[in-house]
Each structure stands twice: as structure tokens, then as C-alpha cells.
Amino acid sequence: MSQQVQGVIAPGKNEPVRVETIVIPDPGPGEAVVKIQACGVCHTDLHYKQGGINDDFPFLLGHEAAGVVESVGEGVTDVEPGDFVILNWRAVCGQCRACLRGRPWYCFNTHNAKQKMTLLDGTELSPALGIGAFAEKTLVAAGQCTKVDPEASPAVAGLLGCGVMAGIGAAINTGQVGRGDSVAVIGCGGVGDAAIAGARLAGAAKIIAVDIDDRKLETAKTMGATHTVNSRSTDPVEAIRSLTDGNGADVVIEAVGRPETYKQAFYARDLAGTVVLVGVPTPEMQLELPLIDVFGRGGSLKSSWYGDCLPSRDFPMLIDLHQQGRIDLGAFVTETIGLGDIEQAFTRMHEGDVLRSVVVF
Ligand SMILES: NC(=O)c1ccc[n+]([C@@H]2O[C@H](COP(=O)([O-])OP(=O)(O)OC[C@H]3O[C@@H](n4cnc5c(N)ncnc54)[C@H](O)[C@@H]3O)[C@@H](O)[C@H]2O)c1
Ligand SMILES: [Zn+2]
Ligand SMILES: [Zn+2]
């Protein structure tokens, strides 16, 4: 048995996305079908469409989603039909060497659905990040469903499924921002702003937002930035140093994913500080740095996949803090759109008009 729903695919490199009928198999062992209520448009969806992630076209795009479990396959005990869930792309295996060392956020064998969703002619789809939620329903591994407070709005909750969690986690998990720290965030889109909000939640005393777009810097202030730097007109390294008594920031978070912004992060951090790379580079990008500076400046250079989050630990906690008014996840939703508006949402993202466009069903 299977069912047919509408979904948005990226058919080929740089081709416009389009709405298609998608065939969803009934959930097999360990799988779940989820009725999607909302799914945010993340820069990573655009990377997929541009062929920047891999060439496994056609992609079923969308991966920042919340919805309600419709049905589950054999052996699924953690979720049941009717549960309100955020979809995650880190369903940890519990058995790989990272999991066994007690570091499941580095899990090397995360679970996805084993069966394939297809087009009507049988063409197999590659779901973005193993999710594929620009669709009325999607098939995932049951472990990709994380239950949270059903009182939360789906449009807000879904964002924790990727970019907002990546940003908050880059600050609180990877960067280990603590009370009183100085933090700089380079690139203030959805991910960078989430890092700013995370740094504020963690008690950072100084939060410096860097972007090339003044509109983004204005929004960054509402998220918790105490200072802003437009790096088109001002040298960001000099600016961050002068805002931190000449030292550089304790933690610098790079949320663009380019060699030049990474270098800025590298030189704008205090000696023995931490650089966190959360922006995703493309495969051809190269980084050149004097090795003596890597050595001499000490500290730590980290990358952050998905904010080193553990969905089961972090999603319910952040939804609870949001519901209590301690972090405003609603501020990331710039607009709600329909399934047919995704191409336009990519354009608006590219032009810097939005933090997040969220498809609602
Ligand atoms: N590591 C992860 O797990 C993870 C998860 C989700 C997204 N990402 C990545 O994070 C990055 C940001 O995603 P987003 O959704 O916030 O994208 P976005 O397009 O909304 O934001 C990017 C921001 O960077 C700014 N920018 C561009 N060039 C700049 C420069 N040279 N200097 C300073 N600022 C610059 C833009 O003005 C914009 O505000 C992307 O690379 C995305 O793929 C990573
Ligand atoms: Zn594992
Ligand atoms: Zn994403």
C-alpha cells in the first residue's frame, strides 16, 4: 500500500523546483509517516538545488519541519499516531563508535527511512537530509521524530529541526558560550541570528553581529546583538578587536561558510578562544592560513554540524524555554507561504529579505 501527496522536488542542477505528486509507501519496520504542518526554507535546500551537496537528483526538498505522526511501522514504540513531532536529521544509532564513547551528537550511522519515496513513474527521490518535508506527508525513520509540547506553533517548532537548532547549538553546545563571554557572529541569517539568540540565552555579556546587509544587522539587534558591524564598510577583525579591549572575542561563530569569513573569524577571536564554523562551504572552497598562526594563536577551531545537538535532549528543552518566553523562536518566522512559493522564497532568501519563509499546510 502507498499514498499520493503533493511535494516539491529539485529535478536537476539549478533547474527551478516544481510541485509533483509523490508516492509515499506505508511505514515499514522502524519507520513513520508524518503529516507535515510546517516546513521552513533553509539555505541548505538551495545548496541541494544548486548541486552543492551532491548529484543525487531529483531531491525531495525541505527538512525543517514539524507535524503529526500519522502511522508507524512494526516495532516503533517511541512515537505513536497523533504525536506532535519535530523532524530531525540526527536519529542516533546508539551503536557506532561515537555513540559508544558517549558522544552521540557525532553519530556516524544516523537512521533514515529504508524505503524510498518516488514519483508516479517510480523514479526514486532523495529526501533532503533524509527528511523531504516540502510535502503534505513524508516517510522517515521513527527516530527522526522528536516529540515536543503540542501547544507550540508548528511553524515555530519546525525551525528547530535545522537552522535554528544549528545556530543555537553552535553557541551553546559547540562554542560552549558561558555567562560573561564575548561572542561575535559573522553572517546574520537564520542560522547566525539563532547563534546570537543562543549566546544571549547562555549569558554572553557582549554579542557582536557582523553582516554585509544593514537590514540583517537591525534584526540581529532584536535577537540579542549588543553591537553590530557592517563588514562591507568596516574591517570586521579590527572592529571586533576594538570592541573587546583589543583582544578579540572569546567565541567567534562563522555562519556564512566562505573562506574569507572563516579567516575573519580566525583572526577576530581572542588568543585561546574558540572558532565555530557552522556555515556550510561548497566542495571547491579552499582555506589558506599561515600554519604558524594556527599554532601560535592556540585555542580551538571547531566545526558544528546541526549545533552538536541531541534532538531528544535539545528540542523539548528549547520548545519549553520558548513557551516560557525565554527565547523567542517566533521571531525567526518572517513569512508563511504555500508549497508553490518555494522558488520565490529562494530568491527572497538570496536577496536577504527574509530570515525564514515557512511553508504551512
Ligand atoms: N552546520 C549546520 O548544521 C547548518 C545547518 C543549517 C544551515 N547551515 C548553513 O549555515 C549558513 C547560513 O544559513 P542561513 O539559513 O542563515 O542562510 P542565510 O542566507 O539566511 O544567511 C546568510 C547571511 O550571511 C550574510 N553574508 C553573506 N556573505 C557575507 C559576508 N561575506 N560577510 C558577512 N555576512 C555575509 C548574508 O547577508 C546573510 O545575512 C549556510 O551556509 C547554511 O547552509 C549549516
Ligand atoms: Zn551512532
Ligand atoms: Zn537546514
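Residues numbered from 1 in each chain as written. Chains lettered and ligands numbered in written order. Predicted model: local features only at pLDDT ≥ 70, side-chain atom pairs only at ≥ 80, totals over all residues.

### Quick look at the sheet that holds strand β1 (residues 2-10)
Point 1. Strand order in the open sheet made by the five strands is β7-β2-β1-β4-β8, with mixed pairing throughout. At either end of the open sheet lies a strand with only one pairing partner, and these are β7 (118-119) and β8 (126-127).
Point 2. Examined bridge by bridge, strand β2 (residues 18-25) and β7 share two bridges and lie antiparallel to one another. The residue bridging Ile-22 from the neighbouring strand is Leu-119, located in β7. (Pairing = 2+ DSSP bridges. Helix = DSSP H or I, 4+ residues; strand = E, 2+ residues; numbered from the N terminus.)

### Looking at the site of ligand 1
Point 1. Taken together, 33 residues lie around ligand 1, and Ala-166, Gly-187, Gly-189, Val-191 and Gly-257 are the ones closest in.
Point 2. Listing elements by their share of the shell around ligand 1, those giving two or more residues are α1 (43-49), α4 (163-174), α5 (190-202) and β12 (206-211).
Point 3. Partitioning the shell around ligand 1 into residue classes produces 15 nonpolar, 14 polar and four charged.
Point 4. Lining the shell around ligand 1 are residues from two domains, each supplying at least three of them: domain 1 (2-161 + 328-360) and domain 2 (167-305). (Near = placed C-beta within 6 Å. Nonpolar A, V, L, I, M, F, W, Y, C, P; charged D, E, K, R; others polar. Domains from an automatic or database assignment.)

### Concerning the nonpolar core
Point 1. Grouped together as the largest cluster of nonpolar side chains are 116 residues, with contacts concentrated most on Val-183, Val-185, Ala-195 and Ile-253.
Point 2. For this core, the domains that each give at least three residues are domain 1 (2-161 + 328-360) and domain 2 (167-305).
Point 3. Not counting chain neighbours up to four residues away, the residues in contact with Ala-195 comprise Gly-167, Ile-168, Ala-170, Ala-171, Val-185, Ile-253, Ala-255 and Val-278. (Core = buried A, V, L, I, M, F, W, Y, C linked by C-beta atoms within 7 Å. Buried ≥ 20, exposed ≤ 12 C-beta atoms within 10 Å, placed from the backbone. Contact = placed C-beta atoms within 7 Å.)

### Considering helix α11 (residues 342-350)
Point 1. Three or more residues of α11 are buried, namely Ile-342, Ala-345, Phe-346 and Met-349. Buried residues along α11 cover an arc of 105 degrees about the axis, so they all sit on one side. Turned more than 90 degrees from where α11 packs its buried face, Glu-343, Gln-344, Thr-347 and His-350 sit exposed.
Point 2. At the C-terminal side of α11, Gly-352 shows a positive phi close to 80 degrees. (Arc of directions from axis to C-beta.)

### Comments concerning the packing of α4 against α5
Point 1. Look at α4 against α5: their axes get within 7 Å of each other, and the N-to-C directions meet at 45 degrees. As the angle between them shows, α4 and α5 are arranged oblique. By crossing handedness, the relation of α4 to α5 is classed as right-handed. Each of Gly-163, Val-164, Ala-166, Gly-167, Ile-168, Ala-170, Ala-171 and Ile-172 in α4 lies in contact with α5, whose residues at this interface are Gly-190, Val-191, Gly-192, Asp-193, Ala-194, Ala-195, Ala-197, Gly-198, Ala-199, Leu-201 and Ala-202.
Point 2. When grouped by side-chain class, the residues that make up the contact of α4 with α5 number 13 nonpolar, five polar and one charged. (Axes fitted to C-alpha atoms, helices over the stretch in contact; angles between N-to-C directions. Parallel < 35°, antiparallel > 145°, perpendicular 65-115°, else oblique. Left-handed = near helix turned anticlockwise from the far one by under 90°.)

### Considering the sheet that holds strand β13 (residues 227-230)
Point 1. The strand order β13-β12-β11-β14-β15-β16 describes an open sheet built from six strands, whose pairing is parallel. With one partner strand each, in any of the chains shown, β13 and β16 (300-303) form the two edges of the open sheet. Taken over all neighbouring pairs, the strand axes of this sheet differ in orientation by 15 degrees on average, direction set aside.
Point 2. Both strand β14 (residues 249-254) and strand β15 (residues 269-277) contribute to a ladder of five bridges, which runs parallel.

### Let's talk about the domain arrangement of the protein
Point 1. Annotation of the protein at the domain level lists domain 1 (2-161 + 328-360) and domain 2 (167-305).
Point 2. One C-alpha centre belongs to domain 1, the other to domain 2, and the line joining them spans 28 Å.
Point 3. Residues of the side of domain 1 that touches domain 2, tallied by class, amount to three nonpolar, five polar and one charged.

### Here's the deal with unusual backbone geometry
Excluding glycine, residues mostly have negative phi values, and the peptide bonds linking residues are mostly trans.
Point 1. Looking along the chain, the bond that leaves Phe-57 and enters Pro-58 is cis, with omega of -5 degrees.
Point 2. Mapping Pro-58 onto the fold places it in the loop between α1 and β4 (59-60).
Point 3. Look at Asp-308: it is not a glycine, yet its phi comes out positive at around 45 degrees.
Point 4. Summarising the element assignment, Asp-308 is placed in the loop between β16 and α10 (311-323).
Point 5. Judged by the 24 C-beta atoms lying within 10 Å of it, Asp-308 is buried.

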